[in-house]
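One letter stands for each residue in the lines below.
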Amino acid sequence: MQKITFLMTSDTHGYWLNLPNKPEQSLLNTVATINHIKENTDHPVVSIDLGDFIQGSSFATYCSQIAKDGNVFARAINEIGYDAQIIGNHEFNFGAEYRQTILEQVNAPILCCNIVNAETQAPALGEAYKILEVAGVKIGIIGTTTHYIPNWELPQHYEGLAFKDAFETTQYYAKILRPQVDILVVAYHGGYEKDLNTWEPLEELTGENQGARMLQEIPEIDVLLTGHQHRLINQQVGKTWTVQPGYAGERVATVTVSVENGEILELTGELHDTSKYEDETNFKAVIEPERTQGEAWLNHVLGEAILDVPTTSVFEARINGIPFVELLNQLQLSETNADFSAVALINDSFSKFNGPVTNEILLEVYPYYNRMAKVQVTGQDLYEIIEFDLEYLIVNDAGEIEVNPEYVYPKPRHYNYDLFSGVTIKADLKQPLGQRIQTLINEKTQEPIDRGEIYTLAVSQYRAVGGGDYKNYTKDKIRFISEIDIATSLREALANYTPEQWAYINENYCHIEWM
Ligand SMILES: [Mn+2]
């Protein structure tokens, strides 16, 4: 009998300096965990990273936007010594040149079966699969990426590429590989669209996540590695073992397969908590000099924000408005000249954007790279967009407003709720979904929004291309996309805003009335 352990990381998101909300921990702990597992395993270990490894942390933003060099991520990946690298959706965020330069520096084979050259239909970012022979055992690894990327990404970031259905392409290669290998591994940068015990859908079945369907309909798979949703999953489903190791290196997943004469005898999996392991190898040296340079840049003070913080509760800020969000809306309005603006309050760090603001604080409060878009909509579109937006909120039996549980589980999606400016919304959340707007008032004219009229609305590029599954945002409605991104625009405000501009925001941040 031979044992093989598949070790996997996913969605590490460049957290080499410290983890979100865990300043004492970083990917150095993840590396220590990987080393510990390898040293304490007396049979072969095959290591796979599932992608989303160059974007997310403020350090990753420093590398892409300031140093304009992501070589540090390739160096780190190479030093860890993976056997395969998979592509995540966030690998597309900073454009083709940045992405390709990093991928070319990665030693491990890049596996991606379903992102293809639009003309030739051949895999464009690496090989579709790889067959390894380890201790006499034949292992097939298929790499797959969620094909939903065009629903989030700027078109110029995937020019010349086509995204084939992840499920269908994986199924196609699984049938080809199965007769050739003893163990078939699918490494899928995507998650599960259904509950793995009840098979109840967990979300609208858009194709973003197809892991459950792979488990149900591709029996050829022995090990299904997943990511993208940042969930902690470790279980057997039928004959397949499947795992997902969370976010930012918080867990390392292992799946151990016992095989004899080509037959699989046993599968077991584990999620290893990385907070328990300290780096003793001075891996830190591998990420120098970027680490030190990045820290210096992150600690630089950009200017002073004179913003009121009427609440530190992110829930209250979302339902009543907050000056920080008004600042984002005002920046989008001045950049695009749109009639109205909508933007999400991404996380609960907004109260830090007050007083002296460093690059670190700015990127904690606004961590994404997003440009600003102007979209042309009818008044009817605006009604439908805001009705869909309001589905984020429900009223419980006690008559209190709360977050719709569908936006909390399985993946928190609070970033899909936008707050508006330039239009005053009067809404009654006790009415059925889709019928909650009582009136929409154009703040410029004080007239109601006319359903037949044409308006312009400023939103993030993510929203404009369809992010968040708002049906009314389609690419044909985009009239303008800014050159600068929202974080850069925030930096300019910190440098240039007058006391009058700050005061205006502090007085005019509320645009919603609950009935
Ligand atoms: Mn991710």
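Residues numbered from 1 in each chain as written. Predicted model: local features only at pLDDT ≥ 70, side-chain atom pairs only at ≥ 80, totals over all residues.

K.L.:
Sorry, what's going on with the overall build of the protein here?
P.N.:
Assigned secondary structure in the protein consists of 14 helices and 27 strands. Here the C-alpha atoms of the protein give a radius of gyration of 24 Å, agreeing with the 24 Å that 2.2 N^0.38 yields for 515 residues. Projecting the C-alpha coordinates of the protein onto the three principal axes gives extents of approximately 75 × 50 × 50 Å. Put simply, the protein has 515 residues, and 48% of those count as buried. Long-range contacts, defined here as pairs at least 24 residues apart, represent 73% of the contacts in the protein between residues at least 6 apart. (Helix = DSSP H or I, 4+ residues; strand = E, 2+ residues; numbered from the N terminus. Rg over C-alpha atoms; globule rule 2.2 N^0.38 Å. Buried ≥ 20, exposed ≤ 12 C-beta atoms within 10 Å, placed from the backbone. Contact = placed C-beta atoms within 7 Å.)

K.L.:
How should the packing of helix α9 (residues 323-336) against helix α13 (residues 486-496) be read in this particular structure?
P.N.:
Two numbers describe a pair of packed helices, the interaxial angle and the distance between the axes. Relative to each other, α9 and α13 sit at 100°, their axes nearing to 10 Å. Between α9 and α13, the angle falls in the class roughly perpendicular. On α13, the residues touching Leu327, Leu328, Leu331 and Glu335 of α9 are Ile486, Ser489, Leu490 and Ala493. By residue class, the composition of the contact of α9 with α13 is six nonpolar, one polar and one charged. (Axes fitted to C-alpha atoms, helices over the stretch in contact; angles between N-to-C directions. Parallel < 35°, antiparallel > 145°, perpendicular 65-115°, else oblique. Nonpolar A, V, L, I, M, F, W, Y, C, P; charged D, E, K, R; others polar.)

K.L.:
Explain the nonpolar core here, please?
P.N.:
Nonpolar side chains in soluble globular proteins tend to end up buried together. Counting 140 residues, the largest nonpolar core has Ile48, Ile142, Ala187 and Leu225 as its most contacted members. Both domains that meet at this core, namely domain 1 (2-295) and domain 2 (301-514), each give it at least three residues. Residues in contact with Leu225, not counting those within four places in the same chain, are Met8, Ile48, Leu50, Val185, Val186, Ala187, Tyr188 and Val243. (Core = buried A, V, L, I, M, F, W, Y, C linked by C-beta atoms within 7 Å. Domains from an automatic or database assignment.)

K.L.:
Can you help me understand unusual backbone geometry in this one?
P.N.:
Peptide bonds are trans in most cases, and residues, glycine excluded, mostly fall at negative phi. Here the residue pair Glu288 and Pro289 is connected by a cis peptide bond, since its omega of 5° sits within 30 degrees of zero. A cis amide bond links Tyr409 to the next residue, Pro410, at an omega of 0°. Relative to the helices and strands, Pro410 resides in the loop between β20 (401-403) and β21 (418-421). Of note in this structure, Gln121 is not a glycine but carries a positive phi near 65°.

K.L.:
Can you help me understand the domain arrangement of the protein in this one?
P.N.:
Many structure descriptions define interface size as the accessible area lost when the parts assemble. The assigned domain composition of the protein is domain 1 (2-295) and domain 2 (301-514). On a C-alpha basis, the centres of domain 1 and domain 2 stand 33 Å from each other. Contact residues are listed per partner, giving 15 residues for domain 1 and 14 residues for domain 2. Here the residues of the side of domain 1 that touches domain 2 are counted per class, giving four nonpolar, eight polar and three charged.

K.L.:
Explain the sheet that holds strand β10 (residues 223-226) here, please?
P.N.:
One open sheet accounts for six strands, arranged β6-β7-β9-β10-β12-β11; its pairing is mixed. A strand with exactly one partner marks an edge of an open sheet, and here the two such strands are β6 (129-134) and β11 (232-237). Here the average twist between neighbouring strands, direction ignored, is 15°. By the bridge criterion, three bridges tie β10 to strand β12 (residues 240-245) in an arrangement that is parallel. (Pairing = 2+ DSSP bridges.)

K.L.:
Just to check I follow, could you spell out the packing of helix α2 (residues 58-67) against helix α7 (residues 290-298) for this structure?
P.N.:
At their nearest, the axes of α2 and α7 sit 10 Å apart, and the two run at 90° to each other. What the angle tells us is that α2 and α7 run roughly perpendicular. Contact residues: Ser58, Phe59, Tyr62, Cys63, Ile66 and Ala67 in α2; Glu290, Gln293, Gly294, Trp297 and Leu298 in α7. Here the residues of the contact of α2 with α7 are counted per class, giving seven nonpolar, three polar and one charged.

K.L.:
Sorry if this is basic, but what is going on with helix α4 (residues 96-105) here?
P.N.:
The periodicity of an α-helix, 3.6 residues per turn, causes residues three or four places apart in sequence to face the same way. Burial in α4 covers these residues: Tyr98, Arg99 and Ile102. Within α4, the buried residues cover an arc of 95° as seen down the axis, which keeps them to one side. Along α4, the residues that are exposed and aim more than 90 degrees away from the buried face are Glu97, Gln100 and Glu104. Looking at the packing, one finds that the buried side of α4 touches α2 and α3 (71-80). (Arc of directions from axis to C-beta.)

K.L.:
Help me understand the environment of Lys444 in this model?
P.N.:
Tracing the backbone through its elements, the reader meets Lys444 in the loop between β23 (437-442) and β24 (447-448). Sequence separation between Lys444 and Val423 is 21 residues, and the spatial gap between their C-alpha atoms is 8.2 Å.

K.L.:
Would you take a moment to explain the sheet that holds β21 for this structure?
P.N.:
Note on sheets: strands pair through backbone hydrogen bonds, and any given pair is parallel or antiparallel. In space, the five strands of this open sheet follow the order β21-β16-β25-β18-β26, with mixed pairing throughout. Edge positions in the sheet fall to β21 and β26 (478-485), since each has one partner strand and no second. Each strand axis lies, on average, 25° off the axis of its neighbour in the sheet, ignoring direction. Note: strand β18 (residues 371-378) against β26, four bridges, orientation antiparallel. By the bridge assignment, Val375 is partnered in β26 with Ile478. Along the sheet face, α9 touches β16 (340-344), β18, β21, β25 (454-460) and β26 and points at about 135° away from the line of β16. In the packing of α13 onto the sheet, contacts are made with β18, β25 and β26, and the angle to β26 comes to roughly 60°.

K.L.:
Any chance you could explain the pairing of β25 here in plain terms?
P.N.:
Moving residue by residue along a regular strand, the side chains alternate between the two faces of the sheet. Where β16 meets β25, two bridges bridge the pair, whose relative direction is parallel. When the sheet's bridge partners are listed, Ser341 is paired in β25 with Ala458. Relative to β25, β18 is paired through seven bridges, and the arrangement is antiparallel. Of the residues in β25, the one forming a bridge with Thr378 is Ile454.

K.L.:
Would you mind showing me how to read the pairing of strand β13 (residues 251-260) here?
P.N.:
For β13, the tally of buried residues reaches seven of ten residues, placing the bulk of the element in the interior. Inspection of the sheet shows strand β1 (residues 2-9) paired to β13 by seven bridges, in the antiparallel sense. Within β13, the residue paired with Thr5 across the bridge is Thr256. Across ten bridges, the pairing between β13 and strand β14 (residues 263-273) is antiparallel. Among the inter-strand pairings, Val257 is bridged to a residue of β14, identified as Leu267. Hairpin connection between β13 and β14: a loop of two residues separates the two successive antiparallel strands, and Asn261 in this loop has a positive phi of roughly 50°.

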